[in-house]
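Single-letter residue listing:
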Amino acid sequence: MKAIKLIAYILLSVCLLFSGKAFLTDFNRVTEQSAAIGAARSMDDIDHSGYANAVIVNENPFSEAVEPTAPDEKADPESNIPDISEEVEEVNAPDAQAASSNAEKTSHSTTESSNRMGYYGGIFVITLIALGLLAGYDFSQYSANRVYDSLYNDDGGGMDDDGDLYESAEQEWARGDFLEAIRILREYLTANPKQQHAAIRIAEIYEKDLKNPLAAALEYEEILTQKLTPNRWGWSAIHLANLYSGPMDKPEKAIQLLRDLVEKYPETSAAEKANQRLELIDNGTDE
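No experiment lies behind these values; they were computed from the predicted model shown.

Criteria and thresholds
- Residues numbered from 1 in each chain as written.
- Predicted model: local features only at pLDDT ≥ 70, side-chain atom pairs only at ≥ 80, totals over all residues.
- Heavy atoms only, no water.
- Salt bridge = Lys/Arg side-chain N within 4 Å of Asp/Glu carboxyl O.
- Helix = DSSP H or I, 4+ residues; strand = E, 2+ residues; numbered from the N terminus.
- Axes fitted to C-alpha atoms, helices over the stretch in contact; angles between N-to-C directions.
- Parallel < 35°, antiparallel > 145°, perpendicular 65-115°, else oblique.
- Left-handed = near helix turned anticlockwise from the far one by under 90°.
- Contact = heavy atoms within 4.5 Å.
- Nonpolar A, V, L, I, M, F, W, Y, C, P; charged D, E, K, R; others polar.
- Core = buried A, V, L, I, M, F, W, Y, C linked by side-chain atoms within 4.5 Å.
- Buried < 20%, exposed > 50% of the residue type's maximum accessible area, 1.4 Å probe, protein only.
- Phe/Tyr/Trp six-rings, centres within 6.5 Å; stacked < 30°, edge-to-face > 60°.

Caption draft 1: Summary view of the pattern of salt bridges. Overall, the coordinates contain seven salt bridges when judged by the stated rule. Note that E170 and R201 form a salt bridge whose closest N and O atoms lie 3.0 Å from each other. One end of the pair, E170, is in helix 3 (residues 163-174); the other, R201, is in helix 5 (residues 196-209), with 31 residues separating them in the sequence. Of the charged contacts in the structure, one is a salt bridge between R201 and E204, with a shortest N-O distance of 3.6 Å. Taken as a pair, R201 and E204 lie in helix 5 at a separation of three residues, close to a single helical turn. Here the residues in one salt-bridge network are E170, R201 and E204, joined through shared partners.

Okay, structure coming up:
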């Protein structure tokens, strides 16, 4: 489950970076092309206004009269006026066509860039939302586990006024008086029912020190009915499943408990261990 979530994080992050970069590239391209089109239009406006002013100046009735020079009687009156209309047409026509063609290409390219920009922008937003939802879910799970830990002190700390009592039980255990240690732990647990680490300690003493799997299994069964963090519940279930499949010779109950663990808390490390065990059982390689 964690591997799948990690892959999802990687894929979403790569998609977010790719779409964001593509969006910025097209955005810059559209901006540059729009600026180029605007500059071309400005040049057109300047040329037209120049022609208009020239016409106005020529038609100004108050302009100073210029004394015409006497024409050469022998020369053709029209020979002194060069005909440049054809040259202007020959020069301006290709330029106008080229400018029109460039404008059309630029406009078409701008449209394509705008469409791609919208496409990549949509992917970016969707990916960002998906990544935010996934991160928000993980953060809420983490926060819930922390609250659970603080409420039930599942880390094994002594958030109570009977810490000395718990230490006394550990001292008796160190001296080898396991039954006395269990008695003190039960007294401690009665005074502090939320401190389930004491109940787990009792089960461990029955299982490892007193070699009493039945008593240990009964303790673990009671523990699983209490409010625990998912990880603590999962590892207690693993211990109980080991007792069922080992000394108690109840493999069916062990398998069912492992399946319950995977279904109830699939994201815990204990569930991963249970999945591995179930795969071995299904393949017939579990000892």
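Caption draft 2: Layout of the packing of helix 3 against helix 4 (residues 178-191). At a minimum axis distance of 7 Å, the contact between helix 3 and helix 4 shows a crossing angle of 170 degrees. When the axes of helix 3 and helix 4 are compared, the pair comes out roughly antiparallel. Between helix 3 and helix 4 the crossing geometry is left-handed. Two secondary-structure elements touch here, helix 3 through L165, Y166, S168, A169, E172 and W173 and helix 4 through F178, E180, A181, I184, L185, E187 and Y188. Taken together, the residues of the contact of helix 3 with helix 4 sort by class into nine nonpolar, one polar and three charged.

Caption draft 3: Molecular detail of the nonpolar core. Of all hydrophobic cores here, the largest spans 39 residues; its most connected members are L185, I223, W233, L240 and L257. Elements represented by at least two residues in this core include exactly helix 3, helix 4, helix 5, helix 6 (213-223), helix 7 (230-245), helix 8 (251-264) and helix 9 (269-283). Look past the residues within four positions of L257 in its chain and what remains in contact with it is L224, A237, L240, A241 and Y244.

Caption draft 4: Quick peek at the packing of aromatic side chains. Per the stated rule, a full pass over the model turns up five aromatic pairs. With a centroid separation of 6.4 Å and an interplanar angle of 15 degrees, the aromatic rings of F23 and F27 are classed as stacked. Of this pair, F23 and F27 both sit in helix 1 (residues 2-58), four residues apart, which is roughly one turn of the helix. We classify F23 as partly exposed; its relative accessible area is 29%.

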